[in-house]
Amino acid sequence: MAVTPAAAAAAPSSPKLPPPATQIGATPAPQPVSPPVVKDGGFRPSARAATLLDLSGARGAGPAERLPSSGDPFSGAVRPASSGDTMPSVYRARRGDTLPSIARKLGVPLSDLQRANPGVTRVRSGQLLQVPPRAPVAPPLPPEIQQHLSERLAGWPQGAPERAELERAFASPAFASLAADAQKRLASWVSGHNPISTAGRAELSRVLSQPGASAARLQELLTTQPGLPSVVAGLPVIAEPNRFPYTINGPTEVVNAFASGAAPASRFDVEIEGQTIPVYLSLAVEPKDGFRHSLEEVARGLAALPDSSRRLIDRVQVEGKRNPSDAYWAKVYNDPDFRSYMTAGANGVVDIYPTVWQQPQHAVDASLIHETGHILSGRTFGSWQTPDPRWQPWDAAAQRDGLSPSTYARASRTEDFSETLTLYQLSRGTPSEAEYRAMFPERFAALEAVLAAPVPTR
Amino acid sequence: MSATPPPHPGTILFVDENKGHEHARPVSEVPESLRFAPDQNGNLVPVVKVVARVVGEQRTIREYGTGGEMLRSTVQFRARNMP
């Protein structure tokens, strides 16, 4: 029997219902025309949710359907069967149900279910619970995007909370309304296990949980990328980077012209892939200036460099004292709180200074890659400040990727190069490599072209 | 490596990218070790621009030559508030 809205409104014992959710980027959902549906241990899913869950008895209804009378106050309620219906309903609890299990069954956030049923902490069999309005139905995504999402989700096992979180996000109308390239970019950003993705995923969930989540808001999220590390070197170390084999020969006692002044030094030769890199350890050490890296740490850092970067290094100087330039920069920039850690010169000389706090291996690894990356990009693409057409391929790659590896990478194209190179090199051969490659496919390809080319000559 | 560097243009522009400040200083007021830096061939050339940017607990100092080429790249760590 079909029921008119007026008749539905007159139905007895109709509970107060929340207003229907607004559908974004899809055909507007029909307004509720009937009292809620009550099903024992069941619910009335949206058309999209019904495709994801086994809902026997909740599908296949005709245009309008009378539920069998069961003697409960809502028996005889009529539900429309149009797809895209977002009308809320009521759920009758079964034995063993809990709020979290019901939330999972209904496909709604637990917090929404708790808000819709204030004061309910334990569920009794037969208890009626208000079902919060589910997210509006999003239109189906193109096969190409679905394929991309499947690939991104493949890294998470079925049942993982992160996977469920991502599936909800990708099924949202806001996501469906994004442009195709933005959908792929967003999915690549938030789907990984790595720290950049984890932070992005948290931000995405936060945005989607807010009223008015829209494609514009997601686009803004993509543009600003909140949660990015300030620098790639600040990312937690997930896996040991690949290092070339190396040997250390020496020492030879010499006098070396350090940045902090001429001083006696021990010279060691670090051999990597047929290259000899002299490492000078100053013997004029000022203990109050702090901690120095050991020869072994420096050698390991050199072994973590890309071959192209390492071959630009002429020598490394492990200074015994602070950088004498610190005092002047402190005055010029009105901040005395910074101490030099590492300097890389265009001539291939790397200076490493003592630090107040002992620095881990990761610091020398990341800083060597980043700072020598400036030498590499300078010799490959030229000056970044003056218009140089050699930078155009990198700029185009960065624009197509549309994501940044760190906030610092946004400072300039040369910082973007060095930060991306650091991420690339430190993730090579680790579980994160594929995830980062999905985020920065164009720049990783551009980097590989640079690293495969002959080492830029002087 | 040439023994005699070319003459300095006379000023060095110090840029604070965080504050958006730029300040040109006569080279005579700048320590000698900061007036010139080796280029990629090891020849001393004038430093004409120094750009500082603080990012998190780091500050980077980039020194540039007359052609806009980067001559030296330094990363600094904040001395206090470190773990």
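You'll find the structure just up there.
Keep in mind that what you see is a predicted model, and the values were worked out from it rather than measured.

The rules behind the values
- Residues numbered from 1 in each chain as written.
- Chains lettered and ligands numbered in written order.
- Predicted model: local features only at pLDDT ≥ 70, side-chain atom pairs only at ≥ 80, totals over all residues.
- Heavy atoms only, no water.
- Helix = DSSP H or I, 4+ residues; strand = E, 2+ residues; numbered from the N terminus.
- Contact = heavy atoms within 4.5 Å.
- Buried area = accessible area lost by both parts, 1.4 Å probe.
- Salt bridge = Lys/Arg side-chain N within 4 Å of Asp/Glu carboxyl O.
- Polar contact = N/O pair within 3.5 Å; in protein donor to acceptor, adjacent residues only side chain to side chain.
- Nonpolar A, V, L, I, M, F, W, Y, C, P; charged D, E, K, R; others polar.
- Pairing = 2+ DSSP bridges.

Peer 1: Summarise unusual backbone geometry; cite the residues concerned and give the values.
Peer 2: All names here are of chain A. Along the chain, G250 connects to P251 via a cis peptide bond; the corresponding omega equals 10°. Residue Q225 is not a glycine yet carries a positive backbone phi of 45°. Summarising the element assignment, Q225 is placed in the loop between α10 (215-224) and β6 (247-258). With a phi angle near 55°, N334 is a residue other than glycine that sits in the positive phi range. Locating N334 in the fold gives a position in the loop between α13 (326-332) and β10 (338-345).

Peer 1: Which residues make up the interface of chain A and chain B, and what values go with them?
Peer 2: Reports often express the size of an interface as the amount of accessible area lost when the parts come together. If you look at the interface, chain A gives 42 residues, while chain B gives 47 residues. A combined buried area of about 3700 Å² lies between chain A and chain B, and 55% of that area is made up of carbon and sulfur atoms. Put simply, chain A and chain B have three salt bridges between them. In this structure, the salt-bridge partner of A:D337 is B:R78, at a minimum N-O distance of 3.4 Å. Taken together, the connections running from chain A to chain B amount to 21 residue pairs in polar contact (both at pLDDT 80 or more). When contributions to the side of chain A that touches chain B are tallied by element, the ones reaching two or more residues are α13, β10, α14 (361-381) and α16 (413-427) of chain A. Top element by residues in the side of chain A that touches chain B is β10(A). It accounts for eight residues. Looking at the side of chain A that touches chain B, its residues break down into 17 nonpolar, 17 polar and eight charged. With seven bridges connecting them, β10(A) and strand β7 (residues 70-78) of chain B associate as antiparallel partners.

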